[in-house]
Amino acid sequence: MNRYALRRTSPRDRTVAALSGRLPRVGLDGVLGDLNQAARPCEVPGGAAGDGFTWADRDGDDPSWTPQGVACTRSGDVLLVSWYARRRWLVRTQGSRISVVDRRDPQWPRYRHVLLVSARRRLRVLTLGGVRVHAGGIAVVGGLLYVADTLHGVRIFRLDDVMRAPRRRLDEVLPWSGAGTRTLGLRPTGGALGYDYVLPEALRLRVRPRAGPRRLRYSFLSVGQVEGRLNLVVGEYGRTGTMPRLARYPLDPVTGSPAFDDHGRWAPLDVYEHQPHRMQGVAVHGTTWFVTASTGEGNPGDLHVGSPGHLHRHRGVLPTGPEDLDWSRPGEELWCVTEWPGRRWVFPIDARRWARAAARPHEAPPERGAAASVRGGRRS
């Protein structure tokens, strides 16, 4: 398992603390008290999809940002959804962001975007840069936010470190270092690139330099209980002809942080070869695993249920473009997010129902409808 082990980089505690001296630290509650966008409750197509919500039109149709990961906190009353900015004309992107969604009133879900940033000191000057990762999966354990970094491993953020950006240019607060790292202060109002809240990175867990050509890709991730122990479960996306894998890494049961070995490495407990193609999300509780898989834009997605090597495929029971999974109630209810513009939904899945169906595949629940027939939560 050593070739799959991740190594930690130097923690950024001092840099984040210095940043908090310039920008007020407000935490997740500060964002929840200042939400500025309204989502719309809606029916979601697919036999496994419960009623969920879709984004405001600007976010639901925006081709420049794509939703990927989902994480539940506060028993599912608050959802976090990750997005990555698409590259255009070889221009550096804004990186990635998190949407904080308050769904305590399911009929009136509201949200706000928070920009993920990386704070650095260059030539003794504090600067900010974007976090340019695909963010294909996210997970929350206690106050820690885990974000998948496809080629390089995992990044960790502390939700208590959410900070309010100033209403004046950030480069008045954090001057440009002149060392190749620009600040995010590009607008005179609206904070960092128009975002009023930022979340600085706390720690990186990196793939070993000599991991080899078959290094694991960290396409998505979630947190689950396996054999009574808390695990971070990761997986990789792979097309037909590849051999995608799943893996699970141990977490400290008290702090939720990575459980490093005596050599300071974070090695997986198990790696599972030859898993389904086009996987986009995974969740596990006990002995039952759930995996989402895409089949292309406009085509309904698949839900695999069972155990690695013995997953039963429920064809076309998810909306088109299903992505990450996370538990709102472990073993009972999952949440999922879809990615395609005009067909972006966030919705629950009744895990118990589909676990029973996997045990009796010939008695699978009926589908509710095809994903291709719905746009923006409205039937076409």
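Bear in mind that the values here come from a model prediction, so they are computed numbers and not experimental data.

(A) Representation of the overall build of the protein chain within the structure. Tallying secondary structure elements over the protein chain gives five helices and 28 strands in all. Split into buried and exposed, the 380 residues of the protein chain put 58% on the buried side. When contacts within the protein chain are restricted to residue pairs at least 6 apart in sequence, those whose partners lie at least 24 apart make up 60%.

(B) Looking closely at the layout of surface pockets. In this structure, the second largest pocket spans a volume of roughly 630 Å³. As for the second largest pocket, its lining consists of 30 residues, and the residues nearest its centre are Gln68, Tyr84, His134, Thr150 and Arg217. Listing elements by their share of the lining of the second largest pocket, those giving two or more residues are strand E6 (78-85) and strand E20 (279-285). Of the residues in the lining of the second largest pocket, the class split is eight nonpolar, twelve polar and ten charged.

(C) Representation of unusual backbone geometry. Located in the positive-phi region is glutamate 227, a residue other than glycine, with phi close to 55 degrees. As for its position among the elements, glutamate 227 is in the loop between strand E15 (220-226) and strand E16 (229-235). One non-glycine residue, histidine 274, lies in positive phi territory at about 55 degrees. Relative to the assigned elements, histidine 274 resides in the loop between strand E19 (270-272) and E20.

(D) Examining helix H1 (residues 13-20) more closely. For H1, the full list of buried residues reads Thr15, Val16, Ala18 and Leu19. The arc that holds every buried residue of H1, seen down its axis, measures 160 degrees, which confines them to one face.

(E) Quick peek at the packing of aromatic side chains. The full count for this structure, using the stated rule, is nine aromatic pairs. Note on tyrosine 146 and tryptophan 266: the rings are 6.5 Å apart at their centroids and 35 degrees apart in plane angle, and the pair reads as tilted. Of this pair, tyrosine 146 sits in strand E11 (residues 144-149) while tryptophan 266 sits in strand E18 (residues 265-266), placing them 120 residues apart in sequence. An identical accessibility class is assigned to tyrosine 146 and tryptophan 266; each is buried. Their ring planes at 50 degrees and their centres at 4.9 Å tell us that tyrosine 249 and tryptophan 266 sit as a pair that is tilted. Separated by 17 residues along the polypeptide, tyrosine 249 in strand E17 (residues 246-250) and tryptophan 266 in strand E18 bring together distant segments of the chain. Considered together, tyrosine 249 and tryptophan 266 belong to a single accessibility category, that of buried residues. It is arginine 8 that lies over the ring of phenylalanine 260; its NZ or CZ is 4.2 Å from the centre. In this structure, arginine 97 is placed above the aromatic ring of tryptophan 83, and the distance from its NZ or CZ to the ring centre is 4.6 Å.

Definitions and limits used
Residues numbered from 1 in each chain as written. Predicted model: local features only at pLDDT ≥ 70, side-chain atom pairs only at ≥ 80, totals over all residues. Heavy atoms only, no water. Helix = DSSP H or I, 4+ residues; strand = E, 2+ residues; numbered from the N terminus. Buried < 20%, exposed > 50% of the residue type's maximum accessible area, 1.4 Å probe, protein only. Contact = heavy atoms within 4.5 Å. 1 Å grid on protein atoms, 1.4 Å probe; cavity = no way out; pocket = protein on both sides within 12 Å on 5 of 7 lines; lining within 4 Å. Points joined across faces, edges and corners; volume = space filled by probe spheres on them. Nonpolar A, V, L, I, M, F, W, Y, C, P; charged D, E, K, R; others polar. Arc of directions from axis to C-beta. Phe/Tyr/Trp six-rings, centres within 6.5 Å; stacked < 30°, edge-to-face > 60°. Lys NZ or Arg CZ within 6 Å of the ring centre and 35° of its normal.

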